[in-house]
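Structural characterization, general
Here's the letter readout for the chains.
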Amino acid sequence: MQKTAHRHFALVPAAGGGSRMGRETPKQYLSLMGEPLLRHTLRVLCAAPQIERVYVVLSVGDQHWNAFDWRDLGDKLTPVYVGGATRADSVLGGLRAIRPDVRDGDWILVHDAARPCLAPWHVDALIEALDDDEVGGLLAVPVADTLKRADAQSRAAATVPRDSLWQAQTPQMFRYMMLRRALESARDVTDEASAIEAAGLRPRLVRGDPTNLKVTYPLDLHLAEWILQNRER
Ligand SMILES: Nc1ccn([C@@H]2O[C@H](COP(=O)(O)OP(=O)(O)OP(=O)(O)O)[C@@H](O)[C@H]2O)c(=O)n1
Ligand SMILES: C[C@](O)(CO)[C@H](O)COP(=O)(O)O
């Protein structure tokens, strides 16, 4: 029997408030090289030939999305106004919203709106590495710095052994129903892989690189601009 080809969909949580950025405007709408940061993120996903549709999860009361013209990104892009109190709530709300469009075994690539420097080769590497994987996985980079655990006085109480430690990035890529069930059972997770791990599974770590940074603090916006202007493959 012909094996059903599993499709790939992107889900972009973009319903945060950006409190660590310290700006009135949510960081996904801050200007990066003259365009909203979110447009850089969505452009790469909409241009990926493997990805059928790109769902962007907005907060229920999002007042910014309609101020921009997104038509140049093509007809893959679909906003869903189902953001929640936490990133995990927003992702789960997005998964529930897209249920009519996807099959249980379709791949969902969850990618932070706040990671605008995602490159086409990051998407290609993730899909190439995981398409036949039983569990799925995520882009990540091995920790390069020595890690300290702080005490209440911000003094180094211990050094955390860094071998086999990786920093998780996004996209994180899992099959629709596995991911939805894992998130519905998980509590207080900060990424999708944590929910999958809590279900007793081991997501594959696919080596990315530090240019796929998450814009969290003000300096990160400048780093992102430098990366987009100077990065070569
Ligand atoms: N309730 C939330 C919180 C976060 N996010 C999204 O998840 C991504 C990563 O989260 P983070 O960097 O923490 O963004 P914020 O929550 O906006 O930032 P902060 O924690 O500084 O408030 C961002 O693209 C953000 O828009 C979301 O969709 N819904
Ligand atoms: C999903 C993530 O980007 C992986 O590193 C990270 O957990 C998001 O954390 P945030 O506090 O919601 O930005």
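Residues numbered from 1 in each chain as written. Chains lettered and ligands numbered in written order. Predicted model: local features only at pLDDT ≥ 70, side-chain atom pairs only at ≥ 80, totals over all residues. Heavy atoms only, no water.

1. Notes on the UniProt feature "site: Transition state stabilizer" (unreviewed entry) in the protein chain
Worth spelling out the cut-off: UniProt positions are given in the numbering used here, feature names are shortened, and annotations may be inferred rather than shown by experiment. Working definition: helices are DSSP H or I runs of at least four residues, strands are E runs of at least two. Numbering for both runs from the N terminus. Contacts are assigned to residue pairs with any non-hydrogen atoms lying within 4.5 Å of each other. Burial classes: relative accessible area under 20% of the type maximum marks a residue as buried, over 50% as exposed, and values in between as partly exposed (1.4 Å probe, protein chains only).
In this structure's numbering, the residues bearing the UniProt feature "site: Transition state stabilizer" (unreviewed entry) are Arg20 and Lys27. Structurally, the position occupied by Arg20 is in the loop between strand E1 (8–13) and strand E2 (31–32). For Arg20, the contacting residues outside a window of four places in its chain are Lys214, Thr216, Tyr217 and Pro218. Among the residues examined, Lys27 registers a relative accessible area of 11% and is labelled buried. Among residues more than four places away in sequence, those in contact with Lys27 are Gly18, Met21, Leu37, Ala114, Val215 and Thr216.

2. Thoughts on the site of ligand 1
Operational definition: Definition of nearness: a residue and a molecule or strand are near each other if at least one heavy atom of the residue lies within 4 Å of the molecule or strand. Polar contacts, as counted here, are pairs of nitrogen or oxygen atoms within 3.5 Å of one another; within protein the pair requires one atom able to donate a hydrogen and one able to accept it, and residues that are adjacent in sequence qualify only if both atoms are side-chain atoms. Where accessible areas are quoted, they stem from the Shrake-Rupley method and a 1.4 Å probe; at the residue level, only the protein chains shown are allowed to cover. Any residue that is not Ala, Val, Leu, Ile, Met, Phe, Trp, Tyr, Cys, Pro, Asp, Glu, Lys or Arg is counted as polar, Gly included; the first ten are nonpolar and the last four charged.
The local shell around ligand 1 holds 19 residues, among which Gly18, Ser19, Arg20, Lys27 and Ser90 are the closest. Within the backbone of Ala15, an N or O atom sits 2.9 Å from an oxygen atom of ligand 1. Between Gly16 and ligand 1, the recorded distance is 3.1 Å, taken from a backbone N or O atom to an oxygen atom. In the complex, the protein chains occlude 88% of the 560 Å² of accessible area that ligand 1 would expose alone. Across the shell around ligand 1, the residue classes tally to six nonpolar, eight polar and five charged.

3. Quick look at the nonpolar core
Rule in force here: We define the nonpolar core as a collection of buried residues of types Ala, Val, Leu, Ile, Met, Phe, Trp, Tyr and Cys that are connected through side-chain atoms lying within 4.5 Å of one another.
Ranked by size, the top nonpolar core spans 29 residues in total, and within it Leu38, Leu42, Val54, Val56, Trp65, Leu77 and Val123 carry the most contacts. Contributing elements (two or more residues each) for this core: E1, helix H1 (37–47), strand E4 (51–57), strand E6 (107–110) and helix H3 (120–130). Those residues in contact with Leu38 that lie beyond four places of it in its chain are Val12, Ala14, Gln28, Tyr29, Val56, Trp65, Trp70 and Ala113. The next biggest cluster of nonpolar side chains, apart from the first, holds 27 residues, and it includes Phe174, Leu183, Ala193 and Ala195.

4. Section: the packing of aromatic side chains
Condition: Any pair of Phe, Tyr and Trp rings, taking the six-membered ring for Trp, is counted once the centres come within 6.5 Å. Such a pair is stacked with planes under 30 degrees apart, edge-to-face with planes over 60 apart, and tilted for the rest.
Within this structure, the stated rule accounts for four aromatic pairs. Residues Tyr29 and Phe68 carry aromatic rings whose centres are separated by 5.9 Å and whose planes lie at 0° to one another, so their mutual orientation is stacked. Placement of Tyr29 in the loop between E1 and E2 and of Phe68 in the loop between E4 and strand E5 (77–80) is noted, with a sequence separation of 39 residues between them. Three or more aromatic residues link up through ring pairs in this structure, and these residues are Tyr29, Trp65, Phe68 and Trp70.

5. What about the UniProt feature "site: Positions MEP for the nucleophilic attack" (unreviewed entry) in the protein chain?
The UniProt entry lists Arg162 and Lys214 under the feature "site: Positions MEP for the nucleophilic attack" (unreviewed entry), expressed in the numbering used here. With respect to the secondary-structure elements, Arg162 resides in the loop between strand E9 (156–160) and strand E10 (166–175). Setting aside chain neighbours within four positions, we find Arg162 in contact with Val143, Ala144, Asp145 and Thr146. Engagement of the side chain of Arg162 in a polar contact is seen with the backbone oxygen of Ala144, the distance being 3.1 Å. Checked against the element boundaries, Lys214 lands in the loop between strand E11 (204–207) and helix H6 (218–230). When sequence neighbours within four positions are dropped, the list of residues in contact with Lys214 reads Arg20, Asp112, Ala114, Arg115 and Asp220. A distance of 2.8 Å separates the side chain of Lys214 from the side chain of Thr216, its partner in a polar contact.

6. Considering the pattern of salt bridges
The condition is simple: Any Lys or Arg side-chain nitrogen found within 4 Å of a carboxyl oxygen on Asp or Glu counts as a salt bridge.
Summed over the entire model, instances satisfying the criterion amount to 12 salt bridges. Between Arg71 and Asp69 there is a salt bridge whose closest N-O contact spans 2.6 Å. Ionic pairing is found between Asp104 and Arg99, a salt bridge with its closest N-O pair at 2.7 Å. Through salt bridges with shared partners, a single ionic network connects Glu35, Arg39, Arg43 and Asp72.

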